[in-house]
Amino acid sequence: MKFYVTTPIYYVNDKPHIGHAYTTIAADVLARYHRLKGDEVFFLTGTDENAQKNVQAAEKLNKDTQTYVDEMSFLWQKTWNDLGLSHDDFIRTTEERHLVAVKKFWEAVQAKGDIYEGEYEGWYCVGCESFKTESDLVNEECPSHKKKPEWLKEKNYFFRLTNYRDQLLAHIDAHPDFIQPVARRNEVRSYVEKFMTDVSISRSSLKWGIQVPGDEDQRIYVWFDALINYLTAVGYGVDEVMFKKFWPADLHLVGKDIIKFHCALWPAMLFSAGVALPHHVFAHGFFTIDGEKMSKTIGNVIDPIAVAQNFGADVLRYFLFREITFGEDGDFSIARLEQRYDGELASELGNLVQRVLIMAQKYGVASAPKIELSIDGWTKDYTSAMNEFRLHDGLQEAGRIVREANQLIDKQAPWKLAKDGKREELEQVLNELLTMIHAVACMLEPFMPTTSERIFSQLKIMTAEPLFPRRNVI
Ligand code: MSP
């Protein structure tokens, strides 16, 4: 089996924060899970560089746009590398390969008769890089960016999105797991049915962005260009073998803020160009920081690298999917992270591993279970959770076994069995405990690769180094 998973490509008008890291780490967890399962995985992330907001950010720093996006894209790549993410490709929409794919795609849509010239008059929010209707605004402002959008009046090319309303509704109805979770599917369905209109897909007033094929005065609307990245990376129009192997994508992971672009505009574009639709689009929720919206003005923007430096990347990864139900909104707080570190990781898991290994050494139970770095420690509940993108349930399952193992120690008191000379029972309990620890390490592997690697090697050589050493108090 193959598994092609994508993240949104991120704007480079600022550096990555914990919200961006959340989506990218989720994709990394799923990519690692599928690799362990034996699937051929292609995990794609990247940067969205043709946006007006990038131009504005460069202007603020008095930098030339290309230099600015080069520097920023490098910073994003470095961040994902420093977090130890395992993406197979990092795409930039200013790359030549992408310009080639976008041109091909535009021409396919044009050949289908779905592009027409028209005049756009209305609002545009640069923050969202999106056209707005009056009903999208609150007190004349974009509710997400708290800014009055720009009034635009220009000749544009339009995409006949409404041509695909019926086909899209039929697809959504026939494939209940195309858009997940279900609340998002309902939201998209009602938008497609009641509100979706044709959309302007070019801008005449811009100097930055991909040129419309055959019209030098127009630049392609950034969302139309950005979505195509998912095709570019697997060789659309260039490498038929790779394209056949990986497309359609198995999963586009996105935040709930960009679900309509991915579940209305994108599928309609694909219908028009005659390309198959992705199998699943999963939208996760947004989280606040200590109960407040994350924002520069409040000053509570969290840098994922700082958290990883203080606690370890594995701990950050564990916390994100343990604390927040994947698909729902949630809250992030360093205090909660510390609690889970001390409680679930250091005490429950760390002590379990240490105690069992010390006992195994002390009582001479030498035969660790047949240990393989493989999936044979996964339970059924774990695999179904992971197959259905319920990452929080995957972690719960590992946690359940940790608790059971700790209860087993309390109940069986191996030191007593040793004292009473009950050798057979002692060996049986310790072997059972070692097997349980092995299972936990297998299930944690996609979430905490470094930690589980350490558990595996400790099990092999039977040493009991602390897994979660005391932290420096910050
Ligand atoms: N460039 C577009 C995506 C184009 S995809 C073809 C874009 N970029 S973005 O830089 O604004 O990133 C948005 C994504 O960041 C969200 O969809 C979400 O995945 C993630 N998040 C940003 N803030 C977040 C939170 N506060 N909480 C959770 N996720 C967040 O949109």
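Residues numbered from 1 in each chain as written. Predicted model: local features only at pLDDT ≥ 70, side-chain atom pairs only at ≥ 80, totals over all residues. Heavy atoms only, no water.

To continue, consider the sheet that holds strand 9 (residues 202-203). Reading across from one edge, 9-11-10 is the order of the three strands in this open sheet, with antiparallel pairing throughout. The open sheet has two edge strands with one neighbour each: strand 9 and strand 10 (211-212). (Pairing = 2+ DSSP bridges. Helix = DSSP H or I, 4+ residues; strand = E, 2+ residues; numbered from the N terminus.)

The next thing to look at is the sheet that holds strand 12 (residues 251-255). Strand order in the open sheet formed by six strands is 3-2-1-12-13-7, and the pairing between neighbours is parallel. One side of each edge strand has no neighbouring strand; the edge strands of this open sheet are strand 3 (89-92) and strand 7 (179-180). Relative to strand 12, strand 1 (residues 2-11) runs parallel, the two sharing two bridges. Residue pairing across strands places valine 5 opposite leucine 251, the latter belonging to strand 12.

Time to look at the site of the ligand. Near the ligand you find 23 residues, and of these Ile9, Thr23, Asp48, Gly255 and Asp257 are the closest. Residue glycine 19 places a main-chain N or O atom 3.4 Å away from a nitrogen atom belonging to the ligand. In the model, an oxygen atom of the ligand is placed 3.0 Å from a nitrogen or oxygen of the glycine 255 main chain. Where the shell around the ligand is concerned, the elements lending two or more residues are strand 1, helix 1 (18-37), helix 7 (222-227) and helix 8 (229-232). The element that contributes the greatest number of residues to the shell around the ligand is strand 1, accounting for four residues. Grouping the constituent residues of the shell around the ligand by class yields 12 nonpolar, nine polar and two charged. (Near = heavy atom within 4 Å. Polar contact = N/O pair within 3.5 Å; in protein donor to acceptor, adjacent residues only side chain to side chain. Nonpolar A, V, L, I, M, F, W, Y, C, P; charged D, E, K, R; others polar.)

Here the structure, examined in full by the defined rule, presents 40 aromatic pairs. Centre to centre, the rings of tyrosine 10 and tryptophan 80 are 5.9 Å apart; their planes meet at 65 degrees, and the pair counts as edge-to-face. In this pair, tyrosine 10 is assigned in strand 1 and tryptophan 80 in helix 3 (residues 65-82), connecting sequence segments 70 residues apart. Here the basic side chain of arginine 203 rests over the ring of tyrosine 124, its NZ or CZ set 4.6 Å away from the ring centre. Just above the ring of tyrosine 191 sits the side chain of lysine 260; from NZ or CZ to the centre is 4.9 Å. (Phe/Tyr/Trp six-rings, centres within 6.5 Å; stacked < 30°, edge-to-face > 60°. Lys NZ or Arg CZ within 6 Å of the ring centre and 35° of its normal.)

Our focus in this paragraph is the packing of helix 5 (residues 165-174) against helix 10 (residues 259-273). With their axes 10 Å apart at the nearest point, helix 5 and helix 10 run at an angle of 110 degrees to one another. In terms of axis orientation, helix 5 runs roughly perpendicular to helix 10. Our pair here, helix 5 against helix 10, has a crossing hand that is right-handed. For the pair helix 5 and helix 10, the contacting residues are Gln167, Leu168 and His171 in the first and Cys263, Ala264, Pro267 and Phe271 in the second. When grouped by side-chain class, the residues that make up the contact of helix 5 with helix 10 number five nonpolar, two polar and no charged. (Axes fitted to C-alpha atoms, helices over the stretch in contact; angles between N-to-C directions. Parallel < 35°, antiparallel > 145°, perpendicular 65-115°, else oblique. Left-handed = near helix turned anticlockwise from the far one by under 90°. Contact = heavy atoms within 4.5 Å.)

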